[in-house]
Amino acid sequence: MGFFLETLLGGLMAGMLYSLVALGFVLIFKASGVFNFAQGAMVLFAALAMARFSEWIPQWTGIASPIFANIVAFLIAGVLMFVAAWIIEFLVLRRLVNQEGATLLMATLGITYFLEGLGQTLFGSSIYKIDIGMPKDPVMAFQDVFPGGILINKEDLIAALIAAALVALLSVFFQKTSTGRALRAVADDHQAAQSIGIPLARIWVIVWCVAGIVALVAGMIWGSKLGVQFSLATVALRALPVVILGGLTSVPGAIIGGLIIGVGEKLSEVYIGPLVGGGIEIWFAYVLALGFLLIRPQGLFGEKIIDRV
C-alpha cells in the first residue's frame, strides 16, 4: 500500500506541472480562439531569461545573494514576457483577426521559431541552471503508518505546491476581479463582449501576459529540475494530451486532465511496464488522449468548438 501511495503522489505532483503548461494553451484559446503552439517556446524563453539574469545580476550589482538575484531575475523575465505578449498581439494577432484557424496556427508556429531563435541570440545555446533553493534530497514520510514509509521527493512536492498556488491565484483572478470577468465574457462570446464595450485587443494582451507568467513559472520549475536547454520547448508536447483530455476551453479540465495523465503515467509504468517491457510512460498520455478523442472530442469539460463559431 505504501508503494502504491508513493507512486500515486509522484503522479499527482507530475500532473500539476503538466497542468501548469496546459493552462497556457487553454487561456489563450478561450480568449482568442488561437491554438498557441508557441507555448513551449514561451516556457523556454522565460526559463532562459530567468537563468541568465540570475547569473548576470550578481555580476552587475556586486550583491551575491541568490535570493536577491532570483527575485530580480524573475521580475525582469516577467517584464520581458509582458513585452513579448504586447508585441505578439500588436504585430501578429491584431492583423489576423477573423482569419482561418490554420492561418492562426501557422502564425503561432512562426512565433515559436522566432522566440527560440531570439532566445539563442540573447541568452546563448548552452545548458543553464536555475537554482531557486528547492531541496533535491527525498524524505521518508508516514513511517509509522506504512512499513518502510513513503519516499517523497521534496523538490517535486514544492514544485507541485507552487503550481497549485498559481492555479488557485488564477482561479481567484478570473472569478473575483473585473478584468477576470471581462476575460470570461470574451471567452464566452467575442461579439457580445465587444457590444458591451470590452476591448478585445486589450483583453488579448492581458491573456497573453497571463500565459507568459504561467510559462515563466513553468520554465522556472522545469529549469530547476532538468536544467534550461532548448529541449525544454518540447514540454508543450507533454501538455497536449492534457489539453485534449481536459478540454481545450476548460481551465478546470487542464488541471484535472493533468492529474489524470500524471497519475496514469506513473501507475502504468510501475505496474504494467514490467509486463510489456517498459516505456509506457513515454506514450501512455498520447494513447489515452487519442482514445478519449474518439469518444468525446471536446474533452471532459470542454465545449464543442462548433458551438463557439
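Asks: Go over the nonpolar core, please, and point to the residues and values.
Replies: If you look at the biggest cluster of nonpolar residues, it comprises 92 residues, and the most contacted ones within it are Leu 20, Leu 27, Leu 170 and Trp 222. Ranked by residue count, the leading element in this core is helix H8 (residues 200-226), at 18 residues. If we skip the residues at most four places from it in the chain, Trp 222 touches Leu 17, Tyr 18, Val 21, Gly 227, Leu 232 and Val 235.

Asks: Describe the environment of Glu 155, naming the residues involved and giving the relevant values.
Replies: By the element assignment, Glu 155 lies in helix H5 (residues 154-176). Exposure remark for Glu 155: the relative accessible area of 7% places this residue in the buried category. What Glu 155 contacts, discounting residues up to four positions off in sequence, is Met 134, Pro 135, Lys 136, Ser 224 and Lys 225.

Asks: Explain the packing of H5 against H8 to me, using residue names and the numbers behind them.
Replies: Packed helix pairs are characterised by how far apart their axes lie and by the angle those axes make with each other. Viewed as axis vectors pointing N to C, H5 and H8 meet at an angle of 175°, and their least axial separation amounts to 10 Å. Regarding the angle of H5 to H8, the classification is roughly antiparallel. Across from Glu 155, Asp 156, Ala 159, Ile 162, Ala 163, Leu 166, Leu 170 and Phe 173 in H5, the residues of H8 making contact are Val 210, Val 214, Val 217, Ile 221, Ser 224 and Lys 225. Its residues assigned to classes, the contact of H5 with H8 comprises 10 nonpolar, 1 polar and 3 charged.

Asks: Please provide a residue-by-residue account of the pattern of salt bridges, values included.
Replies: If the charged atoms of two oppositely charged side chains come close together, the side chains can form a pair. Going through the model one piece at a time under the given rule, you end up with 4 salt bridges. Across the pair Lys 225 and Asp 156 runs a salt bridge whose closest N-O atoms are separated by 2.4 Å. Taken together, the residues Lys 225 in helix H8 and Asp 156 in helix H5 connect sequence positions 69 residues apart. Residue Lys 225 is classed as partly exposed on the basis of its relative accessible area of 26%. Residue Glu 281 pairs with Lys 266 through a salt bridge whose shortest N-O separation is 3.1 Å. Of this pair, Glu 281 sits in helix H12 (residues 280-295) while Lys 266 is found in helix H10 (residues 251-271), placing the two residues 15 residues apart along the sequence. We classify Glu 281 as partly exposed; its relative accessible area is 24%. Assessed through its relative accessible area of 27%, Lys 266 is described here as partly exposed.

Asks: Describe the packing of helix H1 (residues 2-32) against H5, listing the residues and the values that go with them.
Replies: Between H1 and H5, the shortest axis-to-axis distance is 8 Å and the interhelical angle comes to 35°. Our pair here, H1 against H5, has a crossing hand that is left-handed. On H5, the residues touching Met 13, Met 16, Leu 17, Leu 20, Leu 23 and Leu 27 of H1 are Asp 156, Leu 157, Ala 159, Ala 160, Ala 163, Ala 164, Leu 166, Val 167, Leu 170 and Phe 174. Considering only residue class, the contact of H1 with H5 consists of 15 nonpolar, no polar and 1 charged.

Asks: Quick one: what's the story with a nonpolar patch on the surface, residue by residue and with numbers?
Replies: Together, Phe 3, Phe 4, Val 270, Tyr 271, Ile 272, Leu 275 and Val 276 make up an exposed nonpolar region whose accessible area comes to about 670 Å². Of all the secondary-structure elements, those providing two or more residues to the nonpolar patch are H1, H10 and helix H11 (273-276). Within the secondary structure, Leu 275 is located in helix H11. Using a relative accessible area of 72% as the deciding quantity, one classes Leu 275 as exposed.

Asks: Summarise the side chain of Ser 224; cite the residues concerned and give the values.
Replies: Mapped onto the elements of the fold, Ser 224 is located in helix H8. Classification of Ser 224 by relative accessible area gives buried; the value is 8%. Ser 224 has contacts with Ile 130, Ile 132, Met 134, Lys 136 and Glu 155, leaving out every residue within four places of it along the chain.

About the criteria used
Note on numbering: residues in each chain are counted from 1, in written sequence order. Two thresholds apply to this predicted model, a pLDDT of at least 70 for residue-level local features and 80 or more for giving and counting side-chain atom pairs, whereas whole-chain, interface and lining totals are computed over all residues. Side-chain measures here rest on the full set of heavy atoms in the structure, leaving out hydrogens and waters. In this text, buried Ala, Val, Leu, Ile, Met, Phe, Trp, Tyr and Cys residues form a nonpolar core when linked through side-chain atoms within 4.5 Å. A simple rule labels every residue: compare its accessible area, found with a 1.4 Å probe on the protein chains alone, to the largest value its type can have, and call it buried under 20%, exposed over 50%, or partly exposed in between. Helix and strand definitions follow DSSP, with helices as H or I runs of at least four residues and strands as E runs of at least two, each counted in order from the N terminus. Every residue pair with non-hydrogen atoms within 4.5 Å of one another is taken to be in contact. Working convention: axes come from line fits to C-alpha atoms, limited for helices to the stretch in contact. Angles between N-to-C directions cover 0 to 180 degrees. Comment on the angle field: the value is read as roughly parallel under 35 degrees, roughly antiparallel over 145, roughly perpendicular from 65 to 115, and oblique elsewhere. Residue polarity is assigned by list, with Asp, Glu, Lys and Arg as charged and Ala, Val, Leu, Ile, Met, Phe, Trp, Tyr, Cys and Pro as nonpolar; anything else, Gly included, falls into the polar class. Within this document, salt bridges are pairs made up of a side-chain nitrogen of Lys or Arg and a carboxyl oxygen of Asp or Glu, the two lying within 4 Å of each other. Take the far helix as your reference; a near helix turned counterclockwise from it by less than a right angle gives a left-handed crossing, and one turned clockwise gives a right-handed crossing. Here a patch means residues that are over 30% exposed by relative accessible area and free of salt bridges, tied together within 9 Å if like-charged and within 5 Å if nonpolar (Val, Leu, Ile, Met, Phe, Trp, Tyr). Computed with the Shrake-Rupley method and a 1.4 Å probe, the accessible areas treat only the protein chains shown as cover for residues.

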